[in-house]
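Fold and contact review
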Amino acid sequence: MKNRTVLISGASIAGPALAHWLTRYGWTVTVVERAPAVRPGGQAVDFKGPTHRAVLERMGVLDEILRHQTGGQDQTIVDATGKPQAVIPGEFTGGEIEIRRGDLAEILHRHTSCEYLFGDTITALSETPDGVDVTFANAEPRRFDLVAGADGIHSNVRRLAFGPERDYVRHLGYHYALAELGEQVADGEAVMYNEPGRMTAVGGPKASAFFVFASPELHYDRTDTEQQRRLLIDAYQGAGWRLPELMARIPQAREFYLDSLSRVTIDRYSRGRVVLLGDAAYGNTLGGFGTGLAIVGAYVLAGELLAADGDHRVAFARYEKLFRGYAKISQRGSAGPFLAPPSPLRIKLRDWTFKSRFLLGLMLKATDKFATDIELPDYAPGS
Ligand SMILES: Cc1cc2nc3c(=O)[nH]c(=O)nc-3n(C[C@H](O)[C@H](O)[C@H](O)COP(=O)(O)OP(=O)(O)OC[C@H]3O[C@@H](n4cnc5c(N)ncnc54)[C@H](O)[C@@H]3O)c2cc1C
């Protein structure tokens, strides 16, 4: 085998999935994660169709994921007085298998046996003909045969190896926030409320309260959640329904996460010995496909490295060829206008799609098609 050691940046979904496969194929894997531990939180994420199911089954995690399912619960869209306007069926929001993102990250982490460097980050990458010299904020410098960037939409590896974020990430005109507001808010029926350009969802098993709002790109310190809480509160000034009560709870929210809705577009997934996967390569925030793409992407990338006996030039080219078509869904659409339509009329039209069995059927069919649109190779039959 040509290459044997790999450094993966990011321990959320794509990173541990790649680590799982490569350790199984005999590689020595190190994962570096900026957070001090596997990050909890996030809404429920979902898997659809036989392709996702096959990869999870081959990883040996399907049964455990099924045990942690949140179960697709219907969500009622209400007006400012709380009167129901439409119902979003669980099968639409939850796919076929739905699980809290934090639970999934924890399961994947447990199914890897490799070195983790938590609370650290790569500071520089320098490629030589036979490896990549890496420096870290905390750990001693080391050399790896390959480096994989699984560090999300705002990927550090992409910035270091490919160039600045502005060249690859497009803001889609919306931001979203997740906040743990306590049992009083989380308990009860799942409801969603809209005003033009603003959406709020609370209740049900999908964990945190969830907000989506239209806005130009906001510039803030990613580590400063106090500042981010203020940005959310500002964005919901003057809102009706239960928003005054919910906003009053934001400063004390146990967990808080805010980010933009953005899309990643990159013409090559690899450069030399450095490769990208997951949201770092094909992210489209809240598009509904990120987690499935991350899992399948890790499977294909690791499988191609196995098939090419570690020759990264051959493997990265094959990964690109096989996967780019499957990941095309990440280049389409934005969830923003659907979740937070810009006018009262557009809100009514969106609600109406959920009242029509026919339109809903079409939407479900389209998402199923994208989730299975790849011929999945069996890289290690019988293993
Ligand atoms: C806390 C959190 C909450 C989320 N909530 C939702 C949600 O509610 N709904 C949804 O659809 N998707 C959510 N996502 C995104 C979802 O996980 C991804 O779209 C998808 O699963 C693909 O995962 P990924 O592993 O490629 O990227 P991500 O899940 O974004 O993970 C990237 C990982 O890289 C780490 N990282 C970032 N920078 C560095 C660095 N410099 N050095 C080392 N590590 C770094 C991050 O801490 C994170 O663990 C969330 C992600 C996170 C991290």
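To start, this report covers the structure provided alongside it.

Definitions and cut-offs
- Per chain, residue numbering runs from 1 following the sequence as it is written.
- Thresholds applied to this predicted model are a pLDDT of at least 70 for local features of residues and 80 or more for the giving and counting of side-chain atom pairs; totals over whole chains, interfaces and linings are not thresholded and use all residues.
- Computation of side-chain values: all heavy atoms of the structure, hydrogens and water removed.
- Only runs of H or I of at least four residues qualify as helices and only runs of E of at least two qualify as strands under DSSP, and these elements are numbered from the N terminus.
- Nitrogen and oxygen atoms within 3.5 Å of one another constitute a polar contact, given that in protein one can donate a hydrogen and the other can accept it, and given that sequence-neighbouring residues count only through two side-chain atoms.
- Any pair of residues with heavy atoms lying within 4.5 Å of one another is described as a contacting pair.
- Between any two strands, at least two bridges found by DSSP are needed for them to pair.
- The rule is simple: take the accessible area with a 1.4 Å probe, protein chains only, and divide by the maximum for that residue type; under 20% is buried, over 50% is exposed, in between is partly exposed.
- Neighbouring residues are identified by heavy atoms, a residue being near a molecule or strand if any of them is within 4 Å of it.
- Methods summary: accessible areas were calculated by the Shrake-Rupley approach with a probe of 1.4 Å, and residue burial reflects only the protein chains presented.
- Side-chain classes follow a simple rule in which Ala, Val, Leu, Ile, Met, Phe, Trp, Tyr, Cys and Pro form the nonpolar group, Asp, Glu, Lys and Arg form the charged group, and the remainder, Gly included, forms the polar group.
- Stacked, tilted and edge-to-face are the three classes applied to pairs of Phe, Tyr and Trp rings, where Trp contributes its six-membered ring and a pair requires centres within 6.5 Å; stacked means planes under 30 degrees apart, edge-to-face means over 60, and tilted covers the rest.
- Only when the NZ of Lys or the CZ of Arg is both within 6 Å of the ring centre and within 35 degrees of the ring normal is a charge said to sit over the ring.

Turning next to the side chain of Thr112. Here Thr112 lies in the loop between helix H5 (101–110) and strand S7 (115–118). Within the structure, the side chain of Thr112 is placed 2.6 Å from the backbone oxygen of His109, a separation counted as a polar contact. In this structure Thr112 touches Pro16, Ala19 and His20, once residues within four positions along its chain are discounted.

Before going further, it helps to spend a moment on the sheet that holds S7. Pairing within the open sheet is mixed, and its six strands lie in the order S7-S2-S1-S11-S18-S17. Every interior strand has two partners, whereas the edge strands, S7 and strand S17 (270–271), have only one.

In this section: the environment of Asp103. Secondary-structure assignment places Asp103 in helix H5. We classify Asp103 as partly exposed; its relative accessible area is 27%. Here the alpha-carbon distance between Asp103 and Arg263, two residues 160 residues apart in the chain, equals 25 Å.

For the ligand, the set of nearby residues contains 27 residues, the closest of which are Ser12, Ala14, Glu33, Gln43 and Asp279. A distance of 2.7 Å is found between an oxygen atom of the ligand and a side-chain nitrogen or oxygen belonging to Ser12. Backbone polar atom of Arg34 to a nitrogen atom of the ligand: 3.1 Å apart, as the coordinates give it. Contact with the protein chains hides 91% of the accessible area of the ligand, taken as 920 Å² for the molecule alone. The greatest single-element share of the shell around the ligand, amounting to three residues, is contributed by helix H11 (residues 290–307). Grouping the constituent residues of the shell around the ligand by class yields nine nonpolar, 11 polar and seven charged.

Turning our eyes to something else, we now look at the packing of aromatic side chains. All told, the structure shown has 16 aromatic pairs when counted by the stated rule. On the numbers, 5.3 Å between centres and 75 degrees between planes, the contact of Tyr269 with Tyr282 is edge-to-face. Within this pair, whereas Tyr269 is found in the loop between strand S16 (256–264) and S17, its partner Tyr282 is found in helix H10 (residues 279–282), the two being separated by 13 residues in sequence. On the basis of relative accessibility, which here comes to 2%, the residue Tyr269 falls in the buried class. Through successive ring pairs, a cluster of aromatic residues spans Tyr269, Tyr282, Tyr319, Phe323 and Tyr326. One cation-aromatic arrangement involves Arg198 over Tyr236; the distance from NZ or CZ to the ring centre is 5.8 Å.

Attention now goes to the pairing of strand S14 (residues 198–202). Of all the five residues making up S14, five are buried; the element is thus mostly covered by neighbouring parts of the structure. Of the two faces of S14, the one lined by Arg198, Thr200 and Val202 and the one lined by Met199 and Ala201 are each fully buried. Here strand S13 (residues 191–195) runs beside S14; their pairing, made up of five bridges, is antiparallel. Bridge pairing in S14 places Val191 opposite Val202. Between S13 and S14, which follow one another and run antiparallel, lie two residues, and Gly197 among them has a positive phi close to 75 degrees.

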